Amino acid sequence: MAKTVSVINQKGGVGKTTTAVNLSAAIGALGKKVLLVDIDPQGNSTSGYGINKREIENSTYDMLINSVKASEIVIKTKFKNVDLLPADINLAGAEVEMIGLNRRESLVKMALAEIWDNYDFIFLDCPPSLGLITINALCASDSFLVPIQCEYYALEGLAQLMATVRQIKRLYNPQLELEGVLLTMYDGRLNLTGQVVDEVKKFFPKKVYSCAIPRNVRLSEAPSFGEPVMYYDRSSKGAAAYENFAKEFLDKQ
């Protein structure tokens, strides 16, 4: 049965989707079978794998709202060992529609149950909010991974995130654990970076990965070519960083 990990931070622009896309690709390249579930209405993980959101027949919206089976929606990507459950713009209105459904907090968990045994890891790319879709992801997950950018407001909102997680643990998913914290947009030359790292380590003792993801032009370019960075430019610093992070992630399992 797959280990299921939500990639989550309600603050936008922290490298959440970049991490979901590139960690999935790097772990797939290391021989593990991976499913990436795009439940962010922006659908950036979907386009980051070169899938045209306008051309897909069904999406995670249909999985949640129209009871279409996950196995009928899964797309086998051209990248080694990575499958995708794609998102499209319909997902933007899903939370309102989910309110009236039975067991509305468990829709993702119930949908993924039929394909759990097909994978080693399932990663859920969550919206930048703490709404019903993110709550669904946390209810379906064994753990959650928090990307944090090395900038001034890095810790803003994290107390709220952890309070939400405690509520989910208490009400729905007592097994939910923090997988770890990944530092993104790292620039070791800046004093501010060191200060942010120290603060994050105080907030999450022993949970911060030693690998950090640097600012990197290739990382920014890769999504517009529909490729994870290790396929777009294997020699780039961004590709090396996510490869090293994937190894560290697997070592901790």
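Now for a description of the structure that goes with this document. Please read all numbers here as calculations on a predicted model, not as lab measurements. (Residues numbered from 1 in each chain as written. Predicted model: local features only at pLDDT ≥ 70, side-chain atom pairs only at ≥ 80, totals over all residues. Heavy atoms only, no water.)

This structure, assessed with the given rule, holds 11 salt bridges. Measuring nitrogen to oxygen at the nearest pair gives 2.8 Å for the salt bridge that ties Lys-3 to Glu-179. One end of the pair, Lys-3, is in strand S1 (residues 3-7); the other, Glu-179, is in strand S7 (residues 177-186), with 176 residues separating them in the sequence. Linking Lys-33 and Asp-83 is a salt bridge whose minimum nitrogen-to-oxygen distance equals 3.3 Å. With Lys-33 in the loop between helix H1 (16-29) and strand S2 (34-38) and Asp-83 in strand S4 (residues 82-85), this residue pair connects regions lying 50 residues apart in the sequence. Here Lys-33 falls in the partly exposed class, since its relative accessible area comes to 25%. Under the relative-accessibility criterion, Asp-83 is labelled buried at 7%. Linked through salt bridges whose partners overlap, the residues forming this network are Lys-16, Asp-40 and Asp-125. (Salt bridge = Lys/Arg side-chain N within 4 Å of Asp/Glu carboxyl O. Helix = DSSP H or I, 4+ residues; strand = E, 2+ residues; numbered from the N terminus. Buried < 20%, exposed > 50% of the residue type's maximum accessible area, 1.4 Å probe, protein only.)

Time to look at the sheet that holds strand S8 (residues 208-214). Spatially, the 8 strands line up as an open sheet ordered S3-S4-S2-S5-S1-S6-S7-S8, and their pairing is mixed. Edge positions in the sheet fall to strand S3 (75-76) and S8, since each has one partner strand and no second. Here S7 pairs with S8 via 3 bridges, running parallel. When the sheet's bridge partners are listed, Tyr-186 is paired in S8 with Pro-214. Against the sheet, helix H9 (residues 191-203) engages strand S6 (143-149), S7 and S8, with an angle of about 175° to S7. (Pairing = 2+ DSSP bridges. Contact = heavy atoms within 4.5 Å. Axes fitted to C-alpha atoms, helices over the stretch in contact; angles between N-to-C directions.)

What follows covers the packing of aromatic side chains. With the rule as written, the count across this model stands at 10 aromatic pairs. Between the aromatic rings of Phe-225 and Tyr-232, the centroid separation amounts to 4.9 Å while the plane-to-plane angle is 25°, which identifies the pairing as stacked. Relative accessible area serves as the criterion here: at 22%, Tyr-232 is assigned to the partly exposed category. Clustering of aromatic rings is evident, with ring pairs tying together Phe-121, Phe-123, Tyr-209, Phe-245 and Phe-249. (Phe/Tyr/Trp six-rings, centres within 6.5 Å; stacked < 30°, edge-to-face > 60°.)

The next point concerns the nonpolar core. Of all hydrophobic cores here, the largest spans 34 residues; its most connected members are Leu-23, Ile-27, Tyr-49, Phe-123, Phe-245 and Phe-249. Elements supplying a minimum of two residues to this core: S1, H1, S2, S4, strand S5 (121-125), S8, helix H11 (229-232) and helix H12 (237-251). The element that contributes the greatest number of residues to this core is H12, accounting for 7 residues. Within the second largest apolar cluster, 30 residues are counted, among which are Ala-2, Tyr-61, Trp-116 and Tyr-119. (Core = buried A, V, L, I, M, F, W, Y, C linked by side-chain atoms within 4.5 Å.)

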